[in-house]
Amino acid sequence: MKTKERMQILRSEMPCQPPEVRGKNFREVPYGYTEEMAIQEAQRCLNCKKPKCVEGCPVRVPIPEFITLIQEGKLFEAAKKIKEKNVLPAVCGRVCPQEVQCEELCIRGKKGEPVAIGHLERFVADYERLSGYISSPVTVKKNSKKIAIVGSGPSGLTTAGDLIKLGYEVTVFEAFHIGGGVLVYGIPEFRLPKSVVEYEIQNLENQGVKFVYDNVVGRIRTIDDLLSHDSFDAVYIGVGAGLPVFMNIPGENLKGVYSSNEYLTRSNLMKAYLFPDYDTPLVLGKNVVVVGGGNVAMDSARTALRLGADNVYIVYRRSREQMPARAEEIHHAEEEGIQFNLLSNPVEILGDEFGRINKVKCQRYKLGEPDKSGRARPIPIEGEYFELETDLIIISIGNNANPLITMTTSDLEVNKWGNIVTDEMGRTSKPFVYAGGDIVTGAATVISAMGAGRRAASAIHEDLFPEKDEEVDFITVPKEKLKIKEIAISPESPRLKIILSNVSDKPLDQVKVTITHVHDFFENALLETTISRWTPEEEHEFSCPRMQENEKEYLLSVKDINGKLFSKIIVVEEENK
Amino acid sequence: MSKFKLLKKEECVPNLHKFVVSVPDIARKVEPGQFVLIMVDEKSERIPFTLADWDEKDGTITFFVQEVGLSTTKMAFMEEKDSFYSIVGPLGEPAYVDNFGTVVLGGGCFGLGAIYSVAKKLKDLGNNIITILEAKNESRLYYEDEFRAFSDEVIFVTSDGSKGEKGHIYDVLEEMIVSQGRKIDHIKVIGCNVMMSKVSDVTKSLGNIPTYATVSTIMVDGTGMCGCCRLTYDGKTKFACVDGPEFDAHKINWDELIGIRNTSYIREESLSLQNFSPQCRSLAKILAKMNEEESI
């Protein structure tokens, strides 16, 4: 297809449940693209030589490559391509703020609409999941190192996914009874179905990641316990922010005032929206006031609407342009009838004689000069107040750092807000302890937490295996018959060389050895050879050309005469520094 | 093997049960005054229980459950060898302990059992322990022998005077301090918030005797994440799950805690309890026995 033709295709709009219908149910709002829509949307991508979009992605998903595969109808390959860089594509396709990341930089957006990268990512991930695909255990040689990951939110899951592929024994400790962190307690079903999260966790379990639930690290075991008593070689802390900020205004402890954390945890994790089938209750407000302008505020407002509220108001100090929520969430909320009271802020909550709230008094604001965050500073207007009748207030103005871990780990450096201090790779002040996500940065996005998880995984690997740092790392699973004697890849050499030895006591006949790209779906062989008789202790050298720039993983497979695989070795070439 | 297995369950007094559950990790780490959050099944709420005792060697924890709402009623129907869906802990800060001198420990209702671990610890630290156990009447008192083993003095007080003194813990305290002129260095109470608030009033008026109360609040996560258990303490908002559950009783805003925060879900709680239709436990036992006899 010519560029001119591509330029003429309009962006495929995401089909959604109509607002009047979805406001009464908890089912997911967008239906997702059909295959035709996805392929048509993919054809809008110009496959830029120097793709800007990738620079906007915190985990550097190879965006043009996976979209090209969709254009060709190779949907499984497209999913595989994304997963090279993103452990949770079905999640990110739904919750990433694409409009300020990949899509903001898309060249098509300069004149018209950018390519719907997020919708496409979601489409291929769903396509794979709904096909019934289940990932198999990672067949890698265990490297004998144990890693503890604290928290099963997006950053912890990413770290786990990366490290298990490198041969580590990975255990994830989760405080709640199910995994996913903010993906299950924070983000509602209608935005991210819990079956998607369960599937991703199941995938990691299939790959060998162990999950230990009901474990509050900092209480049942400290970071030091993990390193000494439980003999983990390294610990990654990805516990999120997790300490709700209140406004410190009169009436905040009255009945009917929630933090968004409490409101959403009750509804999402404890399934209070299904009360009394589930036991956890929730105040069902008729006139609901949500304070704040982020995604969490939108989620709270839309949850309250679905639980039968007549009026839901967002009260936010600044104007719409400064709202930190994803554009799509604000748009959806508005469509559903959420009412925005912008440039206003509560100053007092009033209640009746039973301690139940009935009104909130708000002050009007105007915008002043930009503050440190670059957003216009909200300034209260003296004497301008208004009241809203309300029976449910949800405070959604952010989170501070939860101190449970930092206060039980003396040598972990924190900043004045209690966030853990790390280098850019996630190393903390304590050796072999790493951290990432909201506990380091303060409240941010799912994808930035995942980016931090990925960087920490590579730092852990660098620190635990420094001797292989300079050139090569390898992972193997020989089935007791063949053993690697030597692997050689060097930046100077144009070839990869692997020497294998038969360590069984029997000769092997008609052994077929192939080397391919790990990510080459068609398994185009770089080397294919058959050894008619391989005697015990005999060594053979296999060599093939090294691959193009962005293919760093090689698969060497050894099959018997019937094509039965009995050994598989993955060699990973380190990225150039 | 399933986690969180119920090894032993005993109905100490009507509708109040002692549970012994296998959770080795918690038994290894817990300190006096800490609590666990329990979900009976996957649809349950998360309910806090202060641990009364534990055994690191056997890997067991012990707590007391008074049937009041849906979850505790569900627990009453559990049988030995059943398992809990989730037990998280140990949570909260350990109780403040030291060699204070003469310590009065006051326990009421479920707090009778809950204060036991603190009593043991304070005895180890060389305190002179006076335990006051309060109940409605004689038939609701339990754990007497256990407390005798760690107390220098055990005083009973019942609302109807059927055993020991007639009245409440704060009446006994007032009597000890005002009439008998005894010197008390430290007071700890566990039980219902109303009882603890009244003890707090009395000890405050009698010269600010250091008094610590383990508050009962509604909780969800127990890690400081939701703020559901917040209370006003010394004019500031504190979270019972991470800052407590034990606080200086004189600094707690009891009216807010008792009258507002803890009654947030009265309607929902009674609705969900009505929704649960259990049979009479005694009747079920009789029926089971009859069936057994018939089959013979």
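Residues numbered from 1 in each chain as written. Chains lettered and ligands numbered in written order. Predicted model: local features only at pLDDT ≥ 70, side-chain atom pairs only at ≥ 80, totals over all residues. Heavy atoms only, no water.

Participant: What is the right way to read the interface of chain B and chain A from this model?
Facilitator: Think of interface size as the accessible area that goes away when the parts come together; that is how it is often given. Of the residues lining the interface, 52 residues belong to chain B; the matching set on chain A comes to 45 residues. Note on chain B versus chain A: buried area summed over both sides is about 3,900 Å², and carbon and sulfur give 53% of it. The largest per-residue losses of area from chain B upon contact with chain A belong to Lys-43, Met-225 and Tyr-265 of chain B, which jointly make up 18% of the total buried on that side. For the interface between chain B and chain A, the tally reads 23 residue pairs in polar contact (both at pLDDT 80 or more). Breaking the side of chain B that touches chain A down by element, the ones donating at least two residues are helix 1 (24-29), helix 2 (70-76), strand 7 (86-91), strand 14 (230-233), strand 15 (236-239), helix 8 (240-243), helix 9 (254-259) and helix 10 (266-275) of chain B. Of all the elements, strand 7 of chain B adds the most residues to the side of chain B that touches chain A, at six residues. When its residues are assigned to classes, the side of chain B that touches chain A shows 21 nonpolar, 15 polar and 16 charged. (Contact = heavy atoms within 4.5 Å. Buried area = accessible area lost by both parts, 1.4 Å probe. Polar contact = N/O pair within 3.5 Å; in protein donor to acceptor, adjacent residues only side chain to side chain. Helix = DSSP H or I, 4+ residues; strand = E, 2+ residues; numbered from the N terminus. Nonpolar A, V, L, I, M, F, W, Y, C, P; charged D, E, K, R; others polar.)

Participant: Honestly, the confidence of the model for chain A in this entry has me stumped. Any pointers?
Facilitator: Low pLDDT means the predicted atomic positions in that stretch should not be read closely. Averaged over every residue, the pLDDT of chain A is 86; the share at 70 or more is 89%. Within the model, the stretch residues 468-479 of chain A combines pLDDT values under 50 with 40 contacts to residues more than four positions away or in other chains. (pLDDT = per-residue confidence, 0-100.)

Participant: Explanation requested: helix 7 (residues 193-205) of chain B in the structure shown.
Facilitator: Count 3.6 residues to each turn of an α-helix, and residues three or four apart come out pointing the same way. Residues and elements named next belong to chain B. Taking 1.5 Å per residue, 13 residues should reach 18 Å; helix 7 reaches 18 Å between its end C-alpha atoms and fits that length. Of the positions making up helix 7, those classed as buried are Asn-193, Met-195, Met-196, Ser-197, Val-199, Ser-200, Val-202 and Thr-203. Looking at the buried residues of helix 7, the elements they touch are strand 8 (102-108), strand 9 (128-135), helix 6 (169-179), strand 12 (186-190), strand 13 (211-214) and helix 9. Phi turns positive one or two residues past the end of helix 7, at Gly-207, with a value near 95°. (Expected span 1.5 Å × (residues − 1). Buried < 20%, exposed > 50% of the residue type's maximum accessible area, 1.4 Å probe, protein only.)

Participant: I would appreciate a short explanation of the packing of helix 3 (residues 35-42) of chain A against helix 9 (residues 117-130) of chain A in the present structure.
Facilitator: Between two packed helices, what matters for the description is the angle formed by their axes and the separation of those axes. All names here are of chain A. Packing of helix 3 against helix 9 leaves a shortest axis separation of 10 Å and a crossing angle of 140°. By the angle class used here, helix 3 and helix 9 are oblique. Along this stretch, helix 3 crosses helix 9, giving a crossing that reads as left-handed. Contact residues: helix 3 offers Glu-35, Ala-38, Glu-41 and Ala-42, while helix 9 offers Leu-120, Phe-123 and Tyr-127. In terms of residue class, the contact of helix 3 with helix 9 is made up of five nonpolar, no polar and two charged. (Axes fitted to C-alpha atoms, helices over the stretch in contact; angles between N-to-C directions. Parallel < 35°, antiparallel > 145°, perpendicular 65-115°, else oblique. Left-handed = near helix turned anticlockwise from the far one by under 90°.)

Participant: Hey, could you run me through the nonpolar core in this one?
Facilitator: One recurring pattern in soluble globular proteins: nonpolar side chains tend to sit buried together. Core analysis: the biggest nonpolar cluster contains 110 residues, and Phe-66 and Ile-314 of chain A have the highest contact counts within it. Per-element accounting of this core gives the leading share, nine residues, to helix 18 (residues 446-464) of chain A. With 58 residues, the next largest nonpolar core counts Val-289 and Leu-388 of chain A together with Val-189 and Cys-241 of chain B among its residues. (Core = buried A, V, L, I, M, F, W, Y, C linked by side-chain atoms within 4.5 Å.)

Participant: Looking at this model, I keep getting lost on unusual backbone geometry. Mind explaining?
Facilitator: For residues besides glycine, phi is generally negative; the peptide bonds are generally trans as well. That bond from Phe-275 of chain A to Pro-276 of chain A is cis: its omega, 5°, falls within 30 degrees of zero. Tracing the backbone shows Pro-276 of chain A in the loop between helix 14 (260-269) and strand 7 (287-291). Cis geometry marks the peptide bond from Gly-89 of chain B to Pro-90 of chain B; its omega dihedral reads -5°. Along the chain, the position of Pro-90 of chain B falls in strand 7.

Participant: I would appreciate a short explanation of the environment of Ile-82 of chain A in the present structure.
Facilitator: Residue and element names in this part refer to chain A. Within the fold, Ile-82 resides in helix 6 (residues 75-83). For the pair formed by Ile-82 and Asp-509, sequence separation is 427 residues and the distance between their alpha carbons is 39 Å. Once residues within four sequence positions are removed from consideration, Ile-82 is found in contact with Val-61, Phe-66, Pro-89, Glu-121 and Val-124.

Participant: Explanation requested: the pairing of strand 9 of chain B in the structure shown.
Facilitator: Within a regular beta strand, the side chains point alternately toward one face of the sheet and then the other, so they alternate between its two faces. All names here are of chain B. Of all eight residues making up strand 9, seven are buried, and the element is well covered by its neighbours. Alignment of strand 8 against strand 9, held across seven bridges, turns out to be parallel. When the sheet's bridge partners are listed, Gly-108 is paired in strand 9 with Glu-134. Relative to strand 10 (residues 153-158), strand 9 runs parallel, the two being bridged by six bridges. Looking at the pairing, Ala-135 lines up with Thr-158 of strand 10. In the classification by handedness, the crossover that spans strand 9, the intervening helix 5 (residues 144-150) and the parallel strand 10 is right-handed. (Pairing = 2+ DSSP bridges. Right-handed = clockwise from strand over helix to strand, strands pointing away.)

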